[in-house]
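Breakdown of the fold
Residues per chain are reported as follows:
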Amino acid sequence: LVLADDDGLTLSAAGDPAVCRELSAIAPLWARSILGIPLPPLLRGAEVAVRIVYVHNQPLYLACVGGGVARDALLSHSLSGVRRILACN
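I will try to describe carefully the structure that is included in this document. Since we're looking at a predicted model, the values are computed, not measured.

The rules behind the values
Residues numbered from 1 in each chain as written. Predicted model: local features only at pLDDT ≥ 70, side-chain atom pairs only at ≥ 80, totals over all residues. Heavy atoms only, no water. Pairing = 2+ DSSP bridges. Helix = DSSP H or I, 4+ residues; strand = E, 2+ residues; numbered from the N terminus. Axes fitted to C-alpha atoms, helices over the stretch in contact; angles between N-to-C directions. Salt bridge = Lys/Arg side-chain N within 4 Å of Asp/Glu carboxyl O. Buried < 20%, exposed > 50% of the residue type's maximum accessible area, 1.4 Å probe, protein only. Contact = heavy atoms within 4.5 Å.

1. A few points about the sheet that holds strand S1 (residues 2-4)
- Within the open sheet, the four strands sit side by side as S2-S1-S4-S3. Their pairing is antiparallel. The open sheet has two edge strands, strand S2 (10-13) and strand S3 (48-55), and neither has a second partner. Shown here is a sheet whose adjacent strand axes are inclined to one another by a mean of 20°, direction ignored.
- In terms of strand pairing, S1 meets strand S4 (residues 58-65) through three bridges, oriented antiparallel. Bridge pairing links leucine 3 to leucine 62 in S4.

Right, here's the structure in full:
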């Protein structure tokens, strides 16, 4: 799970550092793409999901790998936490 900025830089991450760096780098591109984009080596074959959250009118990207059937619920819950934490700053 990563939170990335519009440049694909990691703001916060949980998981394997190499996978998180790749996930952060593709998150903005993946969120804007209608058909998806080719995944980098460490993410090939993975289920990638990206959600956009706006904080102070700036887009941030919450991205995850996997998650199964609960992925959408977990991402929604995480998005509310990101909004709550960053809105206080």
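2. Observations regarding the pattern of salt bridges
- Throughout the structure, instances matching the rule amount to two salt bridges.
- The residue arginine 32 makes a salt bridge to aspartate 6 at a minimum N-O spacing of 2.3 Å. Here arginine 32 is found in helix H1 (residues 17-32), whereas its partner aspartate 6 is found in the loop between S1 and S2, with 26 residues between them in sequence.
- For arginine 51, the salt bridge goes to aspartate 72, with nearest N and O atoms at 2.4 Å. A residue pair is termed long-range when its members are at least 10 positions apart, and arginine 51 in strand S3 and aspartate 72 in helix H2 (residues 71-87) qualify at 21 residues.
- Of the residues examined, arginine 51 reaches a relative accessible area of 27% and is grouped as partly exposed.

3. Here's the deal with the environment of isoleucine 37
- Of note, isoleucine 37 is situated in the loop between H1 and S3.
- By relative accessible area, which is 23% here, isoleucine 37 ends up partly exposed.
- When the C-alpha positions of isoleucine 37 and isoleucine 26 are compared, they lie 8.5 Å apart, and in sequence the two are 11 residues distant.
- The contacts of isoleucine 37, once residues within four sequence positions are left out, are Ile26, Leu29 and Trp30.

4. A word on the pairing of S4
- Across the eight residues that make up S4, a large majority, six, are buried.
- As paired elements, S3 and S4 share eight bridges and run antiparallel to each other. Along S4, the bridge assignment pairs valine 48 with valine 65.
- The turn linking S3 back onto S4 is made up of two residues, and histidine 56 within it adopts a positive phi angle of 55°.

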